[in-house]
Amino acid sequence: MPRTRFSATAAWRGIVLCLAMATITFAAGKGAFSGRPVQQNSAIYAPGVVVVRFAGGQHAGEGSAAPGNTALAAILQAQGIHHLQPVLPVEQQRRQSQAVPIANIYFAYFNHSAAPEQVAAALRRSPEVVYAEPKQIHQIAATPNDPLYLNQPFFNVVRARQAWDTVRGEQGNVVIAIVDGGTDIDHPDLAANLWRNPGEIANNGVDDDRNGFTDDVHGWNFANNSPDPTGLASTPSNADHGTHTAGIAAAVTNNNTGVAGMSWNARLMPICAGDPEADRYITFGFEGVLYAANNGADIISLSWGGYGNSAFEQDVIDYVTDLGVAVVAAAGNDNSAALHYPSAYRNVLAVANTTNDDLKYSASNYGTWVDVTAPGTGILSTISNGNYVNYSGTSMSCPLVAGLVALVRTQHPEWNGLQAAEQVRVTADDIDARNPSYAGLLGRGRINAERAVTASSPAVRLTSVSFTETDGDGVIEPGETVAVTVTLRNYLAPASNLSLTLSESDNYATVTTATTTLAGLGTLQQAVAPEPLRFTVANNAPSGHPIAFTLNIATAGYQDVDRFTLTVLPAAGAANINNVATTVTNIGRLGSLDPSDAGSGLGFRFRGGPSLLFEGSLIAGTGPTQISNAARGLIAGNQQLNDQDFTAAAGGDLRVSTPGNRTDQESIGIFEDRAANNPMNIRVTQETFAQKDAPNDDFILLHYSIENLNAEPLNNFHFGVFFDWDIDGGSFATNKTGHDAARRLGYAFDSGAGPKTFAGMSLVSAGNFNYTAIYNDPQARGFTGFALHDGFTDSEKWQAISGGVGLEAAGPADISFVIAAGPFAIPARGTITVGFALLAGENLSDLQSNADAAQELWRSLFATQVADPRDPGLPTAFGLAQSFPNPFPVRDERGANTTIAFQLPVAETVTLEIYDVLGQKVRTLVQDRRTAGFYRVTWDGRSAAGWLVQNGVYFYRLTAGSFVQTRKLVVMR
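So, here is what we can say about the structure in this document.

A short note on the overall build of the protein
Inference 1: A count of helical and extended segments in the protein gives 12 helices and 58 strands.
Inference 2: Put simply, the protein has 973 residues, and 60% of those count as buried.
Inference 3: In the protein, the proportion of contacts linking residues at least 24 apart, taken out of those at least 6 apart, comes to 69%.

Details of the nonpolar core
Nonpolar side chains tend to gather and get buried jointly when the protein is soluble and globular.
Inference 1: Counting residues in hydrophobic clusters, the biggest one holds 59 residues, and the most contacted among them are Met-262, Val-328, Val-401 and Val-405.
Inference 2: Counting residues per element, this core draws most heavily on helix 8 (residues 394-411), which supplies 10 residues.
Inference 3: With residues near it in sequence (within four places) discarded, Met-262 still touches Phe-155, Val-158, Ala-160, Trp-164, Ile-248, Ala-249, Leu-400, Gly-403, Leu-404, Leu-407 and Ala-449.
Inference 4: Membership of the second largest hydrophobic core comes to 56 residues, among which are Leu-88, Phe-222, Phe-284 and Ala-329.

Points about the sheet that holds strand 17 (residues 349-354)
Inference 1: Reading across from one edge, 11-12-10-14-16-17-18 is the order of the 7 strands in this open sheet, with parallel pairing throughout. In the strand order of this sheet, the two ends are held by strand 11 (220-221) and strand 18 (372-375), each with one partner.
Inference 2: In terms of strand pairing, strand 14 (residues 299-302) meets strand 16 (residues 326-330) through 4 bridges, oriented parallel. By the bridge assignment, Leu-302 is partnered in strand 16 with Ala-329.
Inference 3: With respect to the sheet, helix 5 (residues 236-250) is in contact with strand 10 (175-180) and strand 12 (267-272), its orientation differing from that of strand 10 by roughly 160°.

Section: the pattern of salt bridges
Inference 1: All told, the structure shown has 28 salt bridges when counted by the stated rule.
Inference 2: Here Arg-159 and Glu-450 are joined by a salt bridge, their closest N and O atoms 2.5 Å apart. With Arg-159 in the loop between helix 3 (154-157) and helix 4 (160-164) and Glu-450 in helix 10 (residues 449-452), this pair connects stretches of sequence that are 291 residues apart.
Inference 3: Using a relative accessible area of 31% as the deciding quantity, one classes Arg-159 as partly exposed.
Inference 4: Where Arg-425 meets Glu-422, a salt bridge forms, and the shortest distance between an N and an O atom there is 2.9 Å. Placement of the pair is Arg-425 and Glu-422 together in helix 9 (residues 417-426), with a separation of 3 residues, close to one helical turn.

Digging into the packing of helix 6 (residues 285-294) against helix 7 (residues 311-322)
Working note: a packed helix pair is described by the angle between its axes plus the distance between those axes.
Inference 1: For the pair helix 6 and helix 7, interaxial distance at closest approach is 10 Å and the crossing angle is 10°. Taken together, helix 6 and helix 7 sit at an angle that is classed as roughly parallel. Read as a crossing pair, helix 6 and helix 7 show a hand that is left-handed. Here Phe-286, Val-289, Leu-290, Ala-293 and Asn-294 of helix 6 come into contact with helix 7, specifically with Phe-312, Glu-313, Val-316, Ile-317, Tyr-319 and Val-320.
Inference 2: For the contact of helix 6 with helix 7, the residue count by class is 9 nonpolar, 1 polar and 1 charged.

Description of the sheet that holds strand 51 (residues 879-880)
Inference 1: Spatially, the 3 strands line up as an open sheet ordered 51-53-56, and their pairing is antiparallel. Each having just a single partner strand, strand 51 and strand 56 (933-939) make up the two edges of the open sheet.
Inference 2: Note that strand 53 (residues 898-904) and strand 56 share 7 bridges and pair antiparallel. Pairing of Thr-898 across the sheet is with Trp-939, part of strand 56.

Structural notes on the packing of aromatic side chains
Inference 1: Using the criterion set out here, one finds 32 aromatic pairs in the structure.
Inference 2: Aromatic side chains Phe-213 and Phe-222 sit 5.8 Å apart centroid to centroid with 75° between the ring planes, which places their arrangement in the edge-to-face category. The same class applies to Phe-213 as to Phe-222, namely buried.
Inference 3: Consider the rings of Trp-725 and Phe-817, whose centres lie 6.0 Å apart with planes at 40°: the pair is tilted. Placement of Trp-725 in strand 43 (residues 714-725) and of Phe-817 in strand 49 (residues 815-826) is noted, with a sequence separation of 92 residues between them. Both residues of the pair, Trp-725 and Phe-817, count as buried.
Inference 4: Among the aromatic residues, ring-to-ring pairing joins Phe-604, Phe-723, Trp-725, Phe-769, Tyr-771 and Phe-817 into one connected group.

Thoughts on the environment of Ala-103
Inference 1: Mapping Ala-103 onto the fold places it in the loop between strand 5 (81-86) and strand 6 (105-110).
Inference 2: Classification of Ala-103 as partly exposed rests on a relative accessible area of 22%.
Inference 3: Measuring from C-alpha to C-alpha, the distance between Ala-103 and Pro-89 comes to 7.2 Å, with 14 residues separating the pair along the chain.

Remarks on helix 8
Inference 1: Look at helix 8: 26 Å from first C-alpha to last across 18 residues, which is about the 26 Å you get at 1.5 Å a residue.
Inference 2: Most of helix 8 sits inside the fold, with 17 of its 18 residues counted as buried.

A look at the side chain of Glu-707
Inference 1: As for its placement among the helices and strands, Glu-707 is situated in strand 42 (residues 699-708).
Inference 2: The class of Glu-707 is buried, set by a relative accessible area of 8%.
Inference 3: A distance of 3.4 Å separates a polar side-chain atom of Glu-707 from the backbone nitrogen of Gln-882.
Inference 4: The residues contacting Glu-707, other than those within four sequence positions of it, are Asn-681, Ile-682, Arg-683, Gly-830, Thr-831, Ala-881 and Gln-882.

A look at unusual backbone geometry
Inference 1: In this model, Tyr-341 is joined to Pro-342 through a cis peptide bond whose omega is 15°.
Inference 2: Along the polypeptide, Pro-342 turns up in the loop between strand 16 and strand 17.
Inference 3: Cis rather than trans, the peptide bond between Ala-694 and Pro-695 has omega equal to 5°.
Inference 4: Positive phi is not limited to glycine here, since Leu-524 has a value of about 65°.
Inference 5: When you line up the elements, Leu-524 lands in the loop between strand 25 (515-521) and strand 26 (526-528).
Inference 6: We note that Arg-607 has phi near 50°; this positive angle belongs to a residue other than glycine.

Parameters and conventions
Residues numbered from 1 in each chain as written. Predicted model: local features only at pLDDT ≥ 70, side-chain atom pairs only at ≥ 80, totals over all residues. Heavy atoms only, no water. Helix = DSSP H or I, 4+ residues; strand = E, 2+ residues; numbered from the N terminus. Buried < 20%, exposed > 50% of the residue type's maximum accessible area, 1.4 Å probe, protein only. Contact = heavy atoms within 4.5 Å. Core = buried A, V, L, I, M, F, W, Y, C linked by side-chain atoms within 4.5 Å. Pairing = 2+ DSSP bridges. Axes fitted to C-alpha atoms, helices over the stretch in contact; angles between N-to-C directions. Salt bridge = Lys/Arg side-chain N within 4 Å of Asp/Glu carboxyl O. Parallel < 35°, antiparallel > 145°, perpendicular 65-115°, else oblique. Left-handed = near helix turned anticlockwise from the far one by under 90°. Nonpolar A, V, L, I, M, F, W, Y, C, P; charged D, E, K, R; others polar. Phe/Tyr/Trp six-rings, centres within 6.5 Å; stacked < 30°, edge-to-face > 60°. Expected span 1.5 Å × (residues − 1). Polar contact = N/O pair within 3.5 Å; in protein donor to acceptor, adjacent residues only side chain to side chain.

Structure (structure tokens):
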């Protein structure tokens with residue numbers, strides 16, 4: 001309900017569908033599109049259209065694809081977009097909302113075969129675009145008939161008859177919208193309750209009320225763009241499903257005919273949001289939601305959904321609930337706790353299915369995001385052609401709850417939709433005792449209609465969470481103490497002396513300040529808890545670990561629960577101490593976590609300007625059949641796939657330190673190529689170093705230690721970085737790339753109207769310089785070599801990192817380049833070092849000066865690491881490898897050792913020591929003079945006194961002459 005739902009991922013997943021290859025033709029208002037649905041993993045998207053929210057202002061009218069911003073217009077044109085259609089045109093905005101700028105959201109239509117996600121990704125590059133995403137197709141949530149549950153008295157279970165003694169829908173004018181697969185409006189048990197549009201004259205061919213829909217007397221059919229919301233003969237399951245859900249909520253009651261409806265004669269607004277040809281699909285669900293809200297619906301019932309989280313869909317929910325509409329949705333029928341949408345969206349009443357014995361129905365979804373349950377098993381209701389049938393599923397539970405919300409709105413016309421929905425939620429009967437395996441996962445319980453229309457209770461919900469942590473960098477890290485501030489809103493009866501108690505069941509977190517209080521909250525009042533709640537994070541908490549918290553809210557006669565999740569140390573951080581800023585990760589990407597999501601990183605920025613980078617990714621390999629990388633890959637079914645061969649190593653948490661040990665800001669992350677199809681078995685330690693003062697303020701150094709984890713040498717090894725530069729001059733068609741061989745520098749710039757910035761990367765460590773310019777579009781002028789828009793194969797990646805200097809320059813066009821070092825021979829268990837400088841300048845001369853400064857800083861920091869490492873006989877650089885295994889499981893028995901490897905290019909006096917997190921020395925493992933070579937030392941987890949050390953984080957430090965390197969290991973017992 002009106003809770004704030006926190007999710008561990010901003011990546012969104014799609015729904016599970018079973019008819020993905022059906023050929024369909026779509027018509028959304030006047031913006032038509034056609035073709036086959038586009039399937040990606042478990043999501044299915046409408047072809048030829050994406051949803052775009054612009055940053056500000058109304059960009060285009062109906063039938064236009066030429067916004068006033070010429071740069072944006074060029075991007076739209078480059079993607080073949082021929083039509084922008086507002087999702088809610090001005091003439092349809094009959095009710096005003098301040099929550100969401102709905103006028104800035106458009107359907108963007110294109111008529112070529114590009115994948116919707118590819119088009120959306122291109123649009124997201126524009127600073128004028130808040131988000132761009134494919135348009136999802138959903139699936140109805142009914143399950144097959146179960147004859148064992150025929151004719152069960154579900155009205156008795158929810159005490160509907162007692163509620164009807166207090167209030168009936170016919171006593172008011174509440175409107176329930178059924179946004180579904182179509183409703184038989186001529187059904188004898190529905191027709192008398194049909195909503196009538198008061199401003200429309202039937203069948204005169206005129207849009208009398210000027211709402212954008214002609215002759216919509218009883219609703220609208222988005223499947224065939226007509227005023228008849230009856231389901232289509234071509235999709236009979238949709239038609240029956242929509243008619244069945246309509247009957248549960250609003251069948252004509254007390255008419256000596258057929259069945260009763262839960263709302264006892266509330267008005268029924270039927271909206272067909274199904275698909276014209278693909279049965280069981282809901283293609284226009286959110287267009288239907290907007291229509292319902294803007295034409296007077298008080299409650300919207302949605303008996304469909306899936307597993308795709310959409311910013312556009314959440315915007316629509318926020319918009320309609322701000323208008324005062326209650327949205328009720330089915331939780332889905334996969335016996336899963338996974339977040340199911342739209343039911344899991346913020347401000348939606350999520351409904352699971354129970355039997356008439358208050359047991360969770362076997363197929364019903366469940367989870368902490370569910371709000372209530374209702375009988376949905378063997379429910380008798382209306383179907384097409386005047387018939388009746390029993391169906392089961394959360395599809396049936398949902399309209400039962402929607403009908404009850406309608407009764408509450410009838411009784412309390414002064415309440416908004418969220419208040420009515422909250423009343424239904426807080427008056428539900430707890431059924432956890434009947435379902436011990438699902439305790440806490442079925443919301444407040446099974447709805448109780450009698451209590452919903454007679455009881456008075458507060459309804460206090462969590463609206464936002466903020467936190468501060470030990471070092472104040474906005475990132476929750478292992479070992480930190482976190483202070484959490486909660487904001488709550490009360491939707492119903494006033495509450496006083498509220499007690500708030502925080503708890504968790506997590507191996508990596510401990511609540512230390514569990515309770516705070518709130519003096520009181522009046523109806524619709526919001527307040528911040530005056531004192532923070534606190535928890536500590538374990539020293540060994542892994543990167544990206546989500547901690548789920550429960551907030552218990554209590555006062556006399558009232559108790560409630562809300563939940564939120566906070567995440568430990570995400571896999572990305574900002575390197576932003578000087579004039580250049582980028583996102584660093586521990587999964588082999590630069591600029592962003594996800595190259596198809598502009599919101600997942602900073603890209604690459606110079607002096608506060610716009611991002612100049614679409615994608616930055618590491619590529620490593622020993623040949624065309626052994627490539628490990630995080631760059632874009634093949635194209636499958638018109639969908640660009642991204643390789644993700646690197647995963648965070650144990651103990652490889654990404655950390656950004658300001659200041660660092662040697663420079664003003666440093667970061668470290670460790671990852672391995674375990675996810676590659678043919679892994680080389682390497683561990684990569686990525687470190688960054690940046691200074692804030694001139695002449696070192698226009699670049700970031702990237703120091704890579706690549707460790708060969710094999711017992712055999714790794715030969716012919718190459719290591720590099722791929723950059724797709726988007727220096728926005730409109731459509732990126734005026735970008736150019738070139739190189740400076742003397743400085744081992746690759747660079748890109750815009751020769752047109754884009755920013756006058758030169759961006760690039762130089763190789764600052766020893767090794768052969770490999771560089772190749774790339775035309776992204778094979779049709780580009782001057783095209784030579786391979787291109788990217790037809791996919792980036794492993795063979796092309798190998799050619800790019802190993803081919804010396806290939807194509808020397810490219811453009812003006814949409815361009816990329818690769819810069820790499822190699823070949824190297826990495827000895828068994830050995831380590832090499834590769835260094836780059838990521839830099840920018842106001843012009844080429846400035847960029848070259850910054851490259852020279854970067855080379856000098858590298859030499860001053862890593863003077864012993866510039867020897868050529870191609871000789872496999874002896875190490876060519878000092879190095880300290882990551883211990884293995886790590887984390888290190890200490891045990892009393894023999895064999896519980898971790899191995900630490902290091903290498904010396906020359907003879908030196910060596911000290912290898914273990915320290916705890918307080919900087920106290922635990923043990924000295926090596927203290928003598930060693931000749932050049934490779935060494936391995938084991939540690940059994942014991943201190944100098946012979947005691948086994950405790951759980952936690954430890955550091956081991958190698959000192960060899962002027963070389964000093966420290967690494968982390970984690971001890972587990």
